[in-house]
Amino acid sequence: KVAVGGKMSIYSKSGRNGGANPYCKLWRLKACTPGLIACGVTSIIFLLSPDQQFPGSGVGTISSISYSAVFRTVKRFFVAQWAHPRVQAIVKNINNYVFMGTDEAAHDLSTNTDDAAGKEDLTDSLNLVMASL
């Protein structure tokens, strides 16, 4: 929550007192993505590791943890399993906590406005592309 909303986002209903806009506003984030979840998981593993700096190489100098591999693996998992009910429940909880105060309709993962407009559903193709990144 702090990474996308700023340090004041952890306080309930804190008023903004100036300063730079939080990343979620700058990037117009309204719901989490597989990449955002993977970034969070990778960050938590780094914080719990003995490494003192986040390496540019993607591999921890003390722990030898391949943070880049962790990120790719977690992202692939969430892309591949995105439609699973348990993953959707996790994503809904994350959205309700991290993006509290944003448009609740943006959190509803079951609605797909593209289908209603008669556009082709490219979900499966996009999932394969995202999983390969």
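Residues numbered from 1 in each chain as written. Predicted model: local features only at pLDDT ≥ 70, side-chain atom pairs only at ≥ 80, totals over all residues. Heavy atoms only, no water.

Digging into the overall build of the protein chain
Alright, step 1. On a plain count of helices and strands, the protein chain comes out with seven helices and zero strands.
Alright, step 2. Going residue by residue from the N terminus, the α and β elements of the protein chain occur as α-α-α-α-α-α-α.
Alright, step 3. For the protein chain, with 133 residues in total, the buried portion stands at 24%.
Alright, step 4. Here the analysis covers contacts within the protein chain between residues at least 6 apart in sequence; of these, 49% occur between residues at least 24 apart.
Alright, step 5. For the protein chain, the computed accessible surface area is about 9400 Å², with 60% contributed by carbon and sulfur atoms. (Helix = DSSP H or I, 4+ residues; strand = E, 2+ residues; numbered from the N terminus. Buried < 20%, exposed > 50% of the residue type's maximum accessible area, 1.4 Å probe, protein only. Contact = heavy atoms within 4.5 Å. Areas by Shrake-Rupley, 256 points an atom, 1.4 Å probe, with all protein chains shown as cover.)

Brief notes about the nonpolar core
Alright, step 1. Formed by Cys32, Ile37, Ala38, Val70, Val74, Phe78, Val87, Val91, Val98 and Phe99, the largest nonpolar core amounts to 10 residues.
Alright, step 2. Within the residue set of this core, elements represented by two or more residues are helix H3 (34-48), helix H4 (67-80) and helix H5 (85-98). (Core = buried A, V, L, I, M, F, W, Y, C linked by side-chain atoms within 4.5 Å.)

Some thoughts on the packing of H3 against H4
Alright, step 1. The geometry of H3 relative to H4 is characterised by a closest axis approach of 8 Å and an angle of 140° between their N-to-C directions. Handedness of the H3/H4 crossing: right-handed. Contacts between H3 and H4 involve Pro34, Gly35, Ile37, Ala38, Cys39, Val41, Thr42, Ile45 and Phe46 on the former and, on the latter, Tyr67, Val70, Phe71, Val74, Lys75, Phe78 and Val79.
Alright, step 2. The class makeup of the residues in the contact of H3 with H4 is 13 nonpolar, two polar and one charged. (Axes fitted to C-alpha atoms, helices over the stretch in contact; angles between N-to-C directions. Left-handed = near helix turned anticlockwise from the far one by under 90°. Nonpolar A, V, L, I, M, F, W, Y, C, P; charged D, E, K, R; others polar.)

A closer look at the packing of aromatic side chains
What characterises a pair of aromatic rings is the spacing of the ring centres plus the angle enclosed by the ring planes.
Alright, step 1. Following the criterion strictly, the structure yields four aromatic pairs and no others.
Alright, step 2. The interplanar angle of 75° and the centroid separation of 5.7 Å between the aromatic rings of Phe46 and Tyr67 together place this pair among those described as edge-to-face. Taken together, the positions of Phe46 in helix H3 and Tyr67 in helix H4 put the pair 21 residues apart, joining distant regions of the chain. For the pair formed by Phe46 and Tyr67, the shared burial category is buried. (Phe/Tyr/Trp six-rings, centres within 6.5 Å; stacked < 30°, edge-to-face > 60°.)

Thoughts on the environment of Ile45
Alright, step 1. Along the chain, Ile45 falls in helix H3.
Alright, step 2. Through-space distance from the C-alpha of Ile45 to that of Tyr67 is 8.3 Å; in sequence the pair is 22 residues apart.
Alright, step 3. Excluding anything up to four places from it in sequence, Ile45 contacts Ile65, Tyr67 and Val70.

Section: unusual backbone geometry
Alright, step 1. The backbone of Ser64 sits at a positive phi, close to 65°, despite the residue not being glycine.
Alright, step 2. Topologically, Ser64 is positioned in the loop between H3 and H4.
Alright, step 3. When its relative accessible area of 54% is taken as the criterion, Ser64 is described as exposed.

Examining the confidence of the model for the protein chain
Alright, step 1. Mean pLDDT over the protein chain works out to 75, with 56% of the residues at or above the 70 mark.
Alright, step 2. The spread of mean pLDDT over the elements of the protein chain runs between helix H6 (residues 113-116), the lowest at 45, and H4, the highest at 93.
Alright, step 3. Scored below 50 in pLDDT, residues 112-117 makes three contacts in the model with residues more than four places away or belonging to other chains. (pLDDT = per-residue confidence, 0-100.)

Thoughts on H3
Alright, step 1. With 15 residues, H3 should reach 21 Å at 1.5 Å per residue; the first-to-last C-alpha distance of 21 Å fits that figure.
Alright, step 2. Those residues of H3 not exposed but buried are Pro34, Gly35, Ile37, Ala38, Thr42 and Phe46.
Alright, step 3. Against H4 and H5 lie the buried residues of H3. (Expected span 1.5 Å × (residues − 1).)

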